[in-house]
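# Observations on the three-dimensional arrangement
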Amino acid sequence: MALPVRSHPSPPLVYAHRGSSASFPELTRAAFVEALADGADGVECDVHLSSDGHLVLHHDAQLGRTSDGLGALADHTLAQLRNVDYSSWKGVAVPDTHGAAGEQFMTLDELLDLLLAAGRPVGLAVEMKHPSPRGRGLEDALLALLERRGWDPRTGRLGTVLVSLMSFDADAVSHLLERAAPAVVCQLVDENSGERERENLSGRAASTSSPVPAAQLPLAGPGIGFVRAHITEWASVIRTSEDQTP
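Remember, it's a predicted structure, so these values are computed and weren't measured experimentally.

### Some details on the overall build of the protein chain
- When helices and strands are tallied, the protein chain shows seven helices and eight strands.
- Every one of the 246 residues in the protein chain was classed for burial, and the buried ones make up 41%.
- Long-range pairs, those at least 24 residues apart, make up 62% of the contacts in the protein chain with a sequence separation of at least 6.

### Side note on the nonpolar core
- With 38 residues, the main nonpolar core has Cys-45, Leu-108, Leu-111, Leu-124 and Leu-165 as its most contacted residues.
- Within the residue set of this core, elements represented by two or more residues are helix 1 (29–38), strand 2 (42–49), strand 3 (55–57), helix 3 (108–116), strand 4 (122–128), helix 4 (137–148), strand 6 (161–167) and helix 5 (170–177).
- Leu-108 has contacts with Cys-45, Val-47, Leu-55, Leu-57, Leu-124, Val-126, Leu-142 and Leu-145, leaving out every residue within four places of it along the chain.
- Membership of the second largest hydrophobic core comes to eight residues, among which are Val-56, Leu-73, Leu-81 and Tyr-86.

### Some points on the side chain of Lys-129
- Mapped onto the elements, Lys-129 comes out in the loop between strand 4 and helix 4.
- Reaching out from Lys-129, the side chain makes a polar contact with the side chain of His-59 at a distance of 3.4 Å.
- Residue contacts for Lys-129: discarding those within four places in its chain leaves Asp-46, Val-47, His-48, His-58, His-59 and Leu-138.

### Notes on the packing of aromatic side chains
- Considering all chains together, one arrives at one aromatic pair under this definition.
- Judged by centre distance (4.6 Å) and plane angle (25°), the rings of Tyr-86 and Phe-105 are stacked. One end of the pair, Tyr-86, is in the loop between helix 2 (78–82) and helix 3; the other, Phe-105, is in the loop between helix 2 and helix 3, with 19 residues separating them in the sequence.

### Topic: helix 1
- Counting buried positions over the 10 residues of helix 1 gives eight, a clear majority of the element.
- Within helix 1 the residues assigned to the buried category are Arg-29, Ala-30, Ala-31, Phe-32, Val-33, Glu-34, Ala-35 and Leu-36.
- Next to the buried residues of helix 1 lie strand 1 (15–17), strand 2, strand 3, helix 3 and strand 4.

### Focus on the pairing of strand 4
- For strand 4, the tally of buried residues reaches seven of seven residues, placing the bulk of the element in the interior.
- Where burial is concerned, the two faces of strand 4 agree: the one with Val-122, Leu-124, Val-126 and Met-128 and the one with Gly-123, Ala-125 and Glu-127 are both buried.
- One ladder, built from six bridges, connects strand 2 with strand 4; its direction is parallel. Paired with Gly-42 across the bridge in strand 4 is Gly-123.
- Examined bridge by bridge, strand 4 and strand 6 share six bridges and lie parallel to one another. When the bridges of strand 6 are listed, Gly-123 appears paired with Leu-162.

### Points about the pattern of salt bridges
- Taken as a whole, this structure holds 17 salt bridges when the rule is applied.
- Taking the shortest distance from any N to any O, the salt bridge between Asp-109 and Arg-148 comes out at 2.7 Å. Note that Asp-109 is positioned in helix 3 and Arg-148 in helix 4, a separation of 39 residues in sequence.
- Overall, Arg-148 belongs to the exposed group, its relative accessible area being 56%.

### A closer look at the packing of helix 3 against helix 4
- Between helix 3 and helix 4, whose axes approach to 11 Å, the crossing angle comes to 35°. Here the hand of the crossing between helix 3 and helix 4 comes out right-handed. In this structure, helix 3 contributes Leu-108, Asp-109 and Leu-112 to the contact, and helix 4 contributes Leu-142, Leu-145, Leu-146 and Arg-148.
- When grouped by side-chain class, the residues that make up the contact of helix 3 with helix 4 number five nonpolar, no polar and two charged.

### Notes on the confidence of the model for the protein chain
- Of the residues in the protein chain, 87% reach a pLDDT of 70 or more, and the chain-wide mean stands at 89.
- Within the model, the stretch residues 1–5 combines pLDDT values under 50 with one contact to residues more than four positions away or in other chains.

### Topic: the packing of helix 5 against helix 6 (residues 195–202)
- It is at 9 Å that the axes of helix 5 and helix 6 come closest, and there the two elements cross at 25°. Considering their axes alone, helix 5 and helix 6 lie roughly parallel with respect to each other. Helix 5 and helix 6 meet at a crossing whose hand is left-handed. Contacts from Ala-170, Asp-171, Val-173 and Ser-174 of helix 5 reach helix 6 at Arg-196, Glu-197 and Asn-200.

Parameters at a glance
Residues numbered from 1 in each chain as written. Predicted model: local features only at pLDDT ≥ 70, side-chain atom pairs only at ≥ 80, totals over all residues. Heavy atoms only, no water. Helix = DSSP H or I, 4+ residues; strand = E, 2+ residues; numbered from the N terminus. Buried < 20%, exposed > 50% of the residue type's maximum accessible area, 1.4 Å probe, protein only. Contact = heavy atoms within 4.5 Å. Core = buried A, V, L, I, M, F, W, Y, C linked by side-chain atoms within 4.5 Å. Polar contact = N/O pair within 3.5 Å; in protein donor to acceptor, adjacent residues only side chain to side chain. Phe/Tyr/Trp six-rings, centres within 6.5 Å; stacked < 30°, edge-to-face > 60°. Pairing = 2+ DSSP bridges. Salt bridge = Lys/Arg side-chain N within 4 Å of Asp/Glu carboxyl O. Axes fitted to C-alpha atoms, helices over the stretch in contact; angles between N-to-C directions. Left-handed = near helix turned anticlockwise from the far one by under 90°. Nonpolar A, V, L, I, M, F, W, Y, C, P; charged D, E, K, R; others polar. pLDDT = per-residue confidence, 0-100. Parallel < 35°, antiparallel > 145°, perpendicular 65-115°, else oblique.

Next up, the structure:
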């Protein structure tokens with residue numbers, strides 16, 4: 001009797017976290033240009049709203065860790081943020097091919113332009129950073145921008161770019177699920193995740209018990225801290241599963 005043939009899964013997609021952030025300052029034009037040149041399947045970015053309503057790429061709520069700026073990002077206009085130095089802290093020279101100093105701080109619109117010009121399919125994972133002083137206004141601004149650019153909330157497609165949306169904030173994810181297909185929305189989880197995150201991932205409130213088809217559920221994305229805390233446990237489960245597979 002012949003043994004069943006084990007199917008080989010597709011190779012994992014490689015997304016450059018905050019661009020090629022090991023080589024160039026995170027979330028800068030140089031980092032994203034390098035990620036595309038490296039052949040990354042996609043890139044990940046974090047978004048905040050400037051005081052004048054622009055979606056900008058920055059991880060922290062405060063300026064300072066990756067720039068010479070000070071104070072809350074949300075208190076600065078886009079023009080003010082453009083005048084901050086986001087490159088020098090890394091201590092690496094940025095080649096002319098990767099943008100001038102004044103081009104390193106990027107808006108989400110500019111990142112989309114860069115990815116669409118890549119000439120190949122590229123993924124974009126956008127994380128909404130919370131708490132935000134704009135509340136759900138951050139998600140509304142993001143959806144408005146994407147829809148203006150021609151994004152399809154059912155498939156995540158925007159030309160050659162496949163856009164997915166994610167957040168650790170359960171209310172943000174719930175808000176996104178009202179207007180976008182679950183397949184393009186990701187609930188990020190960590191050690192602090194609780195009932196609201198579980199509700200999003202199960203597709204039902206705690207008071208109900210009816211199962212929800214998997215196709216109607218959002219993606220689940222463990223944070224890096226969560227992964228590091230459980231990697232040994234997961235590896236053991238995977239090895240056990242493989243040992244039991246014919």
